[in-house]
Amino acid sequence: QVQLVETGGRLVHPGGSLKLSCATSGLNLDHQVVGWFRQAPGKQREAVSAILRDGTLLYADSVKGRFTSSRDNAKNTAYLQMNNLNPQDTAVYYCATSPLTYRDSREYLQSTDPYNYWGQGTQVTVSS
């Protein structure tokens, strides 16, 4: 019964902003690590951000300073605020959840392996 649904993706011009939402059901989000990933055409899926259970935020170097992750546990919803977008940000963006605890929290950005539930993705296109 677990579902994750990403919304908010669209076409934007370079320098623009978007806020993605990840609405979840069937689980308690406060018990999960939430990851944001993206996949450009022909490329491997890569981590963008992760939110740990204690609220610690992790970011890939490519988005640090431009993207901000957040979560509302009461609403079981996570968010990804994206600012100053550039064409290299064009990708399908996915949210995912992980029930696992890693000694090194940076493992949540290394691969998709920690995550067991995924949304369907939402397309973000940055183009002039």
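See the structure printed just above.
Computed from a predicted model, the values in this text were never measured in an experiment. (Residues numbered from 1 in each chain as written. Predicted model: local features only at pLDDT ≥ 70, side-chain atom pairs only at ≥ 80, totals over all residues. Heavy atoms only, no water.)

## Section: the environment of Val34
Structurally, Val34 can be placed in strand 4 (residues 33–39). Each C-alpha atom of the pair Val34 and Gln123 lies 19 Å from the other, and the pair is 89 residues apart in sequence. Every residue in contact with Val34, bar those within four places of it in the chain, is listed here: Leu29, Ser49, Ala50, Ile51, Arg71, Ala78, Ala96, Thr97 and Tyr115. (Helix = DSSP H or I, 4+ residues; strand = E, 2+ residues; numbered from the N terminus. Contact = heavy atoms within 4.5 Å.)

## Examining the environment of Pro41
Turning to its location among the elements, Pro41 is positioned in the loop between strand 4 and strand 5 (46–51). The spacing of Pro41 and Ala91 is 50 residues in sequence and 7.1 Å in space, taken between C-alpha atoms.

## Here we look at the sheet that holds strand 7 (residues 67–72)
The four strands are arranged 1-3-8-7 in an open sheet whose pairing can be described as antiparallel. At either margin of the open sheet sits one strand with a lone partner, and together these are strand 1 (3–7) and strand 7. Neighbour-to-neighbour, the strand axes of this sheet turn through a mean angle of 15°, independent of strand direction. Note: strand 1 against strand 3 (residues 18–25), five bridges, orientation antiparallel. (Pairing = 2+ DSSP bridges. Axes fitted to C-alpha atoms, helices over the stretch in contact; angles between N-to-C directions.)

## Notes on the packing of aromatic side chains
According to the stated counting rule, one finds six aromatic pairs in the structure shown. Seen in terms of ring centroids, Tyr115 and Trp118 are 6.0 Å apart; in terms of plane orientation they differ by 65°. Their pairing is edge-to-face. According to the relative accessible area criterion, Trp118 is partly exposed, its value standing at 27%. Through a chain of ring-to-ring contacts, the aromatic side chains of Phe37, Tyr94, Tyr102, Tyr108, Tyr115 and Trp118 assemble into a single cluster. It is Lys19 that lies over the ring of Tyr79; its NZ or CZ is 4.8 Å from the centre. The residue whose ring lies beneath Arg45 is Tyr94, and the NZ or CZ to ring-centre distance is 3.7 Å. (Phe/Tyr/Trp six-rings, centres within 6.5 Å; stacked < 30°, edge-to-face > 60°. Buried < 20%, exposed > 50% of the residue type's maximum accessible area, 1.4 Å probe, protein only. Lys NZ or Arg CZ within 6 Å of the ring centre and 35° of its normal.)

## Some remarks on the pattern of salt bridges
What the rule picks out here adds up to five salt bridges. Between Glu46 and Arg38 there is a salt bridge, with the nearest N and O atoms lying 2.9 Å from each other. Residue classification places Glu46 among the partly exposed positions, given a relative accessible area of 37%. Here Arg38 falls in the buried class, since its relative accessible area comes to 5%. Between Asp89 and Arg38 there is a salt bridge, and its shortest N-O distance comes to 2.8 Å. Within this pair, whereas Asp89 is found in the loop between strand 8 (77–82) and strand 9 (91–98), its partner Arg38 is found in strand 4, the two being separated by 51 residues in sequence. Each of the two residues, Asp89 as well as Arg38, counts as buried. (Salt bridge = Lys/Arg side-chain N within 4 Å of Asp/Glu carboxyl O.)

Note that every value here comes from positions in space, so none of it alone points to a role or purpose.
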